[in-house]
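Chain by chain, the residues:
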Amino acid sequence: MLGDGSLERLKREGRIVVVGASLAGLRAAETLRAEGFVGSLTMIGDEPHEPYDRPPLSKQVLLGRASADHTALPRLRSVEATWRLGVAATGLDMAARRVRLADGDEVPYDRLLIATGVRARPWPHEAEAELDGVFVLRTSDDSAALARRLDAGPKRVLVIGAGFTGSEIASACRERGLAVTVAERGAAPLVGALGGVVGAVAAEMQREHGVDLRCGVMVTALEGDASGRVRAAQLSDGSTVETDVVIVSLGATRNTEWLAGSGLGAGPRGIACDAGCRAFDIRGIVTDDIYAAGDVARCPHPLFGYQFLSLEHWGNAVTQAGIAAHNMLSESTDRIPHLEVPAFWSSQFGVNIKSVGVPSLGTEILVSQGSLKDHRFLGVYGYQGRVIGAVAFDHGRWLPFYQELIETTAPFPPAFPTVDRTSDGQRPLDADFPDPSVPTHGPTVTLGGYAPADRRMTFTPAH
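As recorded by an unreviewed UniProt entry, the chain carries the name FAD-dependent oxidoreductase and is attributed to Streptomyces coacervatus. Quoted straight from UniProt, the Cofactor (unreviewed entry) entry for the chain says "FAD".

Draft legend 1. Geometry of the packing of aromatic side chains. Under the counting rule described, the total for this entry stands at six aromatic pairs. An angle of 85° between the planes, with centres 6.2 Å apart, marks the rings of F280 and F308 as edge-to-face. In this pair, F280 sits in strand β20 (residues 278–280) while F308 sits in strand β23 (residues 308–311), placing the two residues 28 residues apart along the sequence. F308 carries the same exposure label as F280, and that label is buried. Where Y381 meets F433, the ring centres are 6.1 Å apart and the plane angle is 45°; that geometry is what we call tilted. With Y381 in strand β27 (residues 376–383) and F433 in the loop between β29 (429–430) and β30 (445–447), the pair connects residues that are 52 residues apart, well separated along the chain. Relative accessible area serves as the criterion here: at 0%, Y381 is assigned to the buried category. Connected via pairs of aromatic rings, a cluster forms that spans W398, F401 and Y402.

Draft legend 2. Region of interest: the environment of E340. Looking at where E340 falls in the secondary structure, it is placed in the loop between α7 (314–328) and β24 (343–348). Setting aside its immediate chain neighbours within four residues, E340 contacts H301, G315 and T319. Looking at E340, its side chain comes within polar contact range of the side chain of T319, at 3.0 Å.

Draft legend 3. Up close: the sheet that holds β29. Taken in spatial order, the six strands make up an open sheet running β24-β25-β28-β27-β26-β29, and their pairing is antiparallel. Each edge of the sheet is formed by a strand with only one pairing partner; in this case those strands are β24 and β29. Pairing of strand β26 (residues 364–371) with β29, which is carried by two bridges, proceeds in the antiparallel orientation. By the bridge assignment for β29, I365 is matched with L429. Contacts from helix α8 (residues 399–407) reach β25 (351–357), β26, β27 and β28 (386–393), with the element oriented near 165° to β28.

Draft legend 4. Spatial organisation of the sheet that holds strand β15 (residues 240–242). Strands sit in the order β13-β14-β15 across an open sheet of three strands; the sheet is antiparallel. Only two strands of the sheet have a single partner each, and these edge strands are β13 (219–224) and β15. Sheet twist, expressed as the mean angle between neighbouring strand axes with direction ignored, is 20°. One ladder, built from five bridges, connects β13 with strand β14 (residues 230–235); its direction is antiparallel. The residue bridging E223 from the neighbouring strand is A232, located in β14.

What counts and how
- Residues numbered from 1 in each chain as written.
- Predicted model: local features only at pLDDT ≥ 70, side-chain atom pairs only at ≥ 80, totals over all residues.
- Heavy atoms only, no water.
- UniProt positions renumbered as here; feature names shortened; annotations may be inferred.
- Phe/Tyr/Trp six-rings, centres within 6.5 Å; stacked < 30°, edge-to-face > 60°.
- Helix = DSSP H or I, 4+ residues; strand = E, 2+ residues; numbered from the N terminus.
- Buried < 20%, exposed > 50% of the residue type's maximum accessible area, 1.4 Å probe, protein only.
- Contact = heavy atoms within 4.5 Å.
- Polar contact = N/O pair within 3.5 Å; in protein donor to acceptor, adjacent residues only side chain to side chain.
- Pairing = 2+ DSSP bridges.
- Axes fitted to C-alpha atoms, helices over the stretch in contact; angles between N-to-C directions.

Okay, structure coming up:
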């Protein structure tokens, strides 16, 4: 029998493979080295680039304030890894502990971290998606190509989808002085993430900045000219938008297809994990050598009914990566759970938007500070009599206070007078979220139910 010292030594040796040369993948690798891992470390990524920062791609890069090839993530320490970039993982053999690659190679591991993230959901009609001038925005190459097209001064840009990314793109285009139409099948921008009360404010912001915002409509077809360039879009209300650039912003798809048939509990909602980031197999049994972190992971959270949460948040990727890496090197008594309250931010139309908790779980909202009319406020979300989330429009300094209310399961509505309450905040309102069975473009947190191998999600194309 091995003693504690031998077990600890084994944990810090051997072969660790990280699939996903992403923010989560890089920060996990750095944590592994910082906590004493001395074995071999292999980083696998389907893009040819080393890990880079994604938030600037829909903001500074599109505004011409940064170039897409200058968004590399800073290295906090040397990871001394073997990098396999530009080659995708195509399969996993859990019994043999091997990752199969697109080039036919196989990479053995003793422990595996999956940080493959998400990709942009494409336009569902392949021939239309291939038209020159039709873009998605997720990768560095996507952003560089779109920025070049915007530099050429298109006559009109059409953004399909008014979630956070779509709204940020529209904001950047208007700041460039470009004509922009936004088509959103929901009742308002950001409605899937923040509800109709806040969505109405987002709609006002867009229209005040000159966006031709069309809500409650879907794009039914994209049309091209004889040279194969996009020239127009047909909408479900019978109208036509003439455009020479279309940006498809219909949300994200988690990169789990390569795990089909592996026996891992992975599906369209992500990879099911325990609170310590250990992945479940399809039988609901936790593995001890496979972990997941970042956008692709689904972990239960005690503040939100132990439902599996999938988070498309920058901060979550960093924190979860560190926890996964620590637990990969630790015995069970030394492992730690991932319990951080979700947090998110966006910058659009001159307003800084920040949120904590899971607003999309809320059924009511109370404007506790500021004013909806002024587009400067803080809204608190309630669910079953407790504070579940908060969002701030240019009011972010108060968010840590509301985060503490979420962490302590404080009652809703908050039982205290605020220093800056206006007539907006006298009583809670229906948060006005859309029917959860209807897909929306905007949520950054997905509540995924309880089954580790849940594969019941379907997507209905917007036509």
